[in-house]
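Reading the structure
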Amino acid sequence: MTHSIHPLQDSTAFTELFEIHHLAVFRYTYALLGGSLQEAEDLTAETFLRAWKSRHRFEGDQKSALGWLLTIARHLVIDAARRKKVRHVDTSIADIDEWTPAHSQGHTPSVEHQAIHREQVALLLEKLSTLPADRRELLVLRYILGWQVKQIANHLGLVENTASVYIRRAIEQIRRDWPSEDL
């Protein structure tokens, strides 16, 4: 009887998993946490450490691995929030490239555009931090990680229409709280 090797058992496959998903896990953790950049980096590292330690229990392929990693990250964020009652948003985002959409990374934006983008990302993260954790997670998955509503619903165990409604309501709340531009 031959046994197939689990897709994440060897270090090469796990290294590939890290390279593919570490930025998405960081963005997810940082946006959900609403904490310091350092804490988000620490929780991202801890996510992969826990994933490595429990890789033998993972049931799935490379494609489903991101959902598994985000579940680990969510538990770490919840634990961190319990330890720290007051949440503070660190708006000193260190590297603008971490938050630049992949489609626009082919060119170097102007200094002015970088400053505006950094300010908008900081404001968005601040507004996200005012939402309940479940609504914040929906928006992070949809707009920071770029997941489709169906994928979000499956990951969170929601009906697709319910996920869509929750996303729309969370966006409406952020829109209401967004500062208007008086030019």
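1. Here we look at the nonpolar core
Of all hydrophobic cores here, the largest spans 44 residues; its most connected members are Tyr28, Leu70, Leu128 and Leu145. For this core, the secondary structure elements donating two or more residues are helix 1 (11-33), helix 2 (37-53), helix 3 (62-83), helix 4 (111-128), helix 5 (133-144), helix 6 (149-156) and helix 7 (160-177). Apart from the residues lying within four places of it in its own chain, the contact partners of Tyr28 are Leu70, Ala73, Arg74, Glu137, Val140, Leu141 and Leu145.

2. Quick look at the packing of helix 6 against helix 7
Closest axis-to-axis distance for the helix 6/helix 7 pair is 8 Å, and the angle between their directions is 105°. Of the possible angle classes, the one that applies to helix 6 and helix 7 is roughly perpendicular. Between helix 6 and helix 7, the contacting residues are Val149, Lys150, Ile152 and Ala153 on the first element and Glu160, Ala163, Ser164 and Ile167 on the second. Taken together, the residues that form the contact of helix 6 with helix 7 break down as 5 nonpolar, 1 polar and 2 charged.

3. Details of the pattern of salt bridges
Evaluated as defined, the whole model comprises 4 salt bridges. The salt bridge partner of Arg74 is Glu137, with a shortest N-O separation of 2.8 Å. Taken together, the positions of Arg74 in helix 3 and Glu137 in helix 5 put the pair 63 residues apart, joining distant regions of the chain. Each member of the pair, Arg74 together with Glu137, is buried. The salt bridge involving Arg168 is made with Glu172; its shortest N-O contact spans 3.4 Å. Placement of both Arg168 and Glu172 in helix 7 is noted, with a separation of 4 residues, approximately one turn of the helix. Classification of Glu172 as partly exposed rests on a relative accessible area of 33%.

Calculation notes
Residues numbered from 1 in each chain as written. Predicted model: local features only at pLDDT ≥ 70, side-chain atom pairs only at ≥ 80, totals over all residues. Heavy atoms only, no water. Core = buried A, V, L, I, M, F, W, Y, C linked by side-chain atoms within 4.5 Å. Buried < 20%, exposed > 50% of the residue type's maximum accessible area, 1.4 Å probe, protein only. Helix = DSSP H or I, 4+ residues; strand = E, 2+ residues; numbered from the N terminus. Contact = heavy atoms within 4.5 Å. Axes fitted to C-alpha atoms, helices over the stretch in contact; angles between N-to-C directions. Parallel < 35°, antiparallel > 145°, perpendicular 65-115°, else oblique. Nonpolar A, V, L, I, M, F, W, Y, C, P; charged D, E, K, R; others polar. Salt bridge = Lys/Arg side-chain N within 4 Å of Asp/Glu carboxyl O.

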